[in-house]
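Read off the chains here:
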Amino acid sequence: MDVKRVKDYLYWLYYQYQLVTCSYVLEPWEQSMFHTITVTVLAMVVYTAYVFVPIHVRLALEFFSQIFGPQPEGAA
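None of the values given here were measured: they were computed from a predicted structure.

Observations regarding the environment of leucine 59
Here is step 1: Tracing the chain through its elements places leucine 59 in helix 2 (residues 28–68).
Here is step 2: Relative accessible area serves as the criterion here: at 41%, leucine 59 is assigned to the partly exposed category.
Here is step 3: Sequence separation between leucine 59 and proline 28 is 31 residues, and the spatial gap between their C-alpha atoms is 46 Å.

So this is what it looks like as structure tokens:
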């Protein structure tokens, strides 16, 4: 891939982000605060999903395995 095309695509994505969040109308210091808060919240959501989703999936699998019981040996 061409580096210029990738750079243009990333700039387009950032522009779309600014349009969706209406952050292009903010002053520069307001934009930096808004982006900092947005990145912080996104990082907390990703961390929480990384830590807690596997635990809940494991507990759900244990729960459903207890409900349906052990499978017969011949079932495949």
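Things to note about the UniProt feature "transmembrane region" (unreviewed entry) in the protein chain
Here is step 1: Mapped onto the present numbering, the UniProt feature "transmembrane region" (unreviewed entry) falls on residues 32–53.
Here is step 2: Helix makes up 100% of residues 32–53 and strand 0%, whereas the separation of the span's terminal C-alpha atoms amounts to 31 Å.

Quick notes on the rules
- Residues numbered from 1 in each chain as written.
- Predicted model: local features only at pLDDT ≥ 70, side-chain atom pairs only at ≥ 80, totals over all residues.
- Heavy atoms only, no water.
- Helix = DSSP H or I, 4+ residues; strand = E, 2+ residues; numbered from the N terminus.
- Buried < 20%, exposed > 50% of the residue type's maximum accessible area, 1.4 Å probe, protein only.
- UniProt positions renumbered as here; feature names shortened; annotations may be inferred.

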